[in-house]
Structures are given as structure tokens and as C-alpha cells.
Amino acid sequence: MSIDTNTPEETTNKKTIDIKKLLKSVLAFKSSDLHLVVGSEPQIRIDKELRPLNLPILSAKDVEEMAYTLIEDKYKKEFEEHNELDFSFELKDVGRFRANYYRTIHGIACAFRMIPIDIPTLDEYGNPPIFKELVKREKGLILVTGPTGSGKSTTLASMLHEINLTERRHIITIEDPVEFVHKNNKSLFSQRDVGSDTKSFATALKYALRQDPDVILIGEMRDAETIGAALTAAETGHLVFGTLHTNSAPGTINRIIDVFDGQEQAQVRAQLSSSLIAVISQTLIPRVGGGKVATQEILITNPAIQNQIREDKVHQIYSQMQLNQQETHMTTQTQQLMELLRKKVISKENAIKSSNRPEELVKMIHLL
């Protein structure tokens, strides 16, 4: 499907497209991403599908001119040196964006992610009531996980926003790049951009403990050093939020442990068992009729799960998540998908495609 953003006169004009006008126009389609790649017209993502805009095919010069319009010389130099660039920016009266520039065999390519300026509340984003209880915790580790484009950043922003509305705390965010910009309400925010405000996640975390934080957000837990620092911060009286690119709650625990060498894993299991509060693993699925809906697999630690982590019995956690759910507030992704299928919010095809346990889901669908 090709989407028309211009008049016929503008469509045939080979003059370089105004990138700011382009970003403004694609926002009108409520798309999540904009892609500029040499040899293609600009394309936007709507409900997980890429759709070309009715604009001229881009040349290498077109993309380079649009890309460099948005960045200062220091970022241009960084990109030309490393062929990769992550940054975020805000266009007045348009919105906030996360951008990635990269180089292909044909030239520069760009990916832009749209970030809402107005941060949704937990209720507006449709999150379960238990999230409001989780963010009241004084210390511990809360992880929000999922693939790229699954809404992790929005969920985390909503959780921090809830704290901002209800608690007087110092919140430090460490991101690459900073996405949602929070305004101080009851809480005080110190937002840091890795690369420009601090050298690395691990460095920022090391010094964060000397900056009197109550809450720390780590944009991405990429390596053993960062994960180790996050566990230490969570153990020493701080509420820590983090993200990983994992697709299930038990899988997240295994991923964290597997980052470390064999001789370190027992200590990490002990730290994780005592500090982990919850894992929220989510994905976005196309709705029937348009739009997207989030499914969230929720693990909340209790003594049984703490013991399973400590004793290296993570494979038993999934069964534990299925017990006494009204009391524990836990849920599996399969249960969430089945509920959406019963309400006819999503299709069977998209449910199975998005499932992290498709065989289990198919069996349950046959019982409908």
C-alpha cells in the first residue's frame, strides 16, 4: 500500500525532500517508524507493516542531505568515523524522535522511531493495577523485556511517570539515547545520555550510587559489567528498572545468568534471587481492524521462585507462574493471548505468530 503525503506537483519534484516536513507528515498517519534507504521511496511502519510513501525513490545524495540536516558537525564526524550513530531529538510542534544512522553498500540509511511527548499514565496505557504496587517498592530490580518495537520504553516511562505523580524521589535515567523526557512533578529527574553525558552504562551506574538516587533506569542491560552494577544497586537500597531483548520472563532470568562466566553464576543467581522483584515480558500484536495491543507475561518473585533461581531450577518457574494467579498477580503470555482471542481482539494467525510457546497455544485454541 502506498500512502500519499503530497500533491502531484510535489510528488514529481526531484528536489530533496524536507526531512522535518516528512517527519511531521508521517506522524499524521500514527506510524511508529520512518525508514530512509537508498533505492526506495521513504517507508513508514503502521501496525508492524512497512508501507511506502508516494514520494520519489531516494538517491544516496537525497538520504545524505536529509540525514545531515538533523545533526551537528560533531555527530557527523562521529558517524563518518564509526558508520553508526544513535541519537534522539525533538522538533518543535512536531514531536520527539529516536534516530539511528547506518551505512549500507549503497550509502547512508536512516531509521526514525516516533516517541510521544506526552507520557501516558499506567491506566491510559492499559497496564494491570499490580504495576502501581510494583513501583512503590523501595528497592529491587524490575525488568521490562521484549523484542525491538514491543513498547518496552513506553511501559517504563509510564512506570516512572507514576512515581513522579505520587512519590518524592530522585530518579536517574541512563539511556542510549534518552527517549521520553520527564518533567519534574513530585520527583526530581536526572536524565543522562550515554555518549554525550556519560561514557557508558557501567560508568554511569558506578557514579550513580554517589548521586543520591532513589530510582535508577538503565536503558539497556547489555553486558556483565552493567548487569552486575544493576544487581548491586538493587541490593543496596535502590529501585532499579532495566530492559533486555528477551521474549519470556523465565528466559530473561537465564539470559542474565548466562552473561556471566561459569564460576560467577552461583553468585549471580544468589543476587538475582534476593533482588529481583518482577519481569514483565511484552510484545505488540496487530488488532483486528487496525492498531496494536500489548500482551504482557508477568513474573513476580515469591519465596518459591526465589528458591528456584537460587537452586538453578529456572525451568520450573513457568509452572510456578501458573499457580494461584489471583493472589500472585502473575500471568503467562499464552493466557493473555487466549483472553484476547476469546474477545476477538486479535486473529489466531497473529496470536500463533507472536507466541513464545506456540505448541501450548495451539492446544489451547483447539479447546475453545
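In short, a report on the structure. Just so we're clear, the structure is a prediction, and the values are computed from it rather than from any experiment.

Moving on, we get to the layout of surface pockets. For the second largest pocket, the calculated volume is near 480 Å³. Along the wall of the second largest pocket there are 21 residues; nearest its centre are Gly126, Pro128, Ala294, Gln296 and Gln336. Counted by class, the lining of the second largest pocket contains nine nonpolar, seven polar and five charged residues.

This part covers the sheet that holds strand β8 (residues 170–175). Within the open sheet, the seven strands sit side by side as β9-β8-β10-β11-β7-β12-β13. Their pairing is mixed. Looking at strand neighbours, the two that pair on one side only are β9 (188–193) and β13 (292–300), the edges of this open sheet. Strand-to-strand twist in this sheet, taken as the mean axis angle between neighbours without regard to direction, amounts to 15°. Note: strand β7 (residues 140–145) against strand β12 (residues 276–286), five bridges, orientation parallel. The residue of β12 that forms the bridge with Ile142 is Ala278. The strands touched by helix α10 (residues 265–275) are β7 and β12; relative to β12, the strand with the most contacts, the crossing angle is about 80°.

Think of a pair of aromatic rings as described by two things: how far the centres are apart, and how the planes are tilted against each other in angle. Throughout the structure, instances matching the rule amount to seven aromatic pairs. Judged by centre distance (6.1 Å) and plane angle (85°), the ring pair of Phe79 and Tyr101 falls under edge-to-face. Of this pair, Phe79 sits in helix α4 (residues 73–82) while Tyr101 is found in strand β5 (residues 95–104), placing the two residues 22 residues apart along the sequence. Residue classification places Phe79 among the buried residues on the basis of a relative accessible area of 0%. An aromatic cluster is present here, built from Tyr75, Phe79, Phe87, Phe89, Phe97, Tyr101 and Phe112 joined pairwise through their rings.

This part takes up the environment of Leu276. Looking at where Leu276 falls in the secondary structure, it is placed in strand β12. C-alpha of Leu276 to C-alpha of Thr295: the two residues are 19 residues apart in sequence and 21 Å apart in space. Not counting residues within four places of it along the chain, the set of residues in contact with Leu276 comprises Leu141, Leu143, Ile253, Thr301 and Ile309.

Turning next to the side chain of His170. Along the polypeptide, His170 turns up in strand β8. Relative accessible area serves as the criterion here: at 12%, His170 is assigned to the buried category. For His170, the side chain forms a polar contact with the main-chain oxygen of Gln211, separated by 3.2 Å. Setting aside residues up to four positions removed in sequence, His170 forms contacts with Leu188, Ser190, Gln211, Asp212, Pro213, Asp214 and Val215.

What counts and what doesn't
Residues numbered from 1 in each chain as written. Predicted model: local features only at pLDDT ≥ 70, side-chain atom pairs only at ≥ 80, totals over all residues. Heavy atoms only, no water. 1 Å grid on protein atoms, 1.4 Å probe; cavity = no way out; pocket = protein on both sides within 12 Å on 5 of 7 lines; lining within 4 Å. Points joined across faces, edges and corners; volume = space filled by probe spheres on them. Nonpolar A, V, L, I, M, F, W, Y, C, P; charged D, E, K, R; others polar. Pairing = 2+ DSSP bridges. Helix = DSSP H or I, 4+ residues; strand = E, 2+ residues; numbered from the N terminus. Axes fitted to C-alpha atoms, helices over the stretch in contact; angles between N-to-C directions. Contact = heavy atoms within 4.5 Å. Phe/Tyr/Trp six-rings, centres within 6.5 Å; stacked < 30°, edge-to-face > 60°. Buried < 20%, exposed > 50% of the residue type's maximum accessible area, 1.4 Å probe, protein only. Polar contact = N/O pair within 3.5 Å; in protein donor to acceptor, adjacent residues only side chain to side chain.

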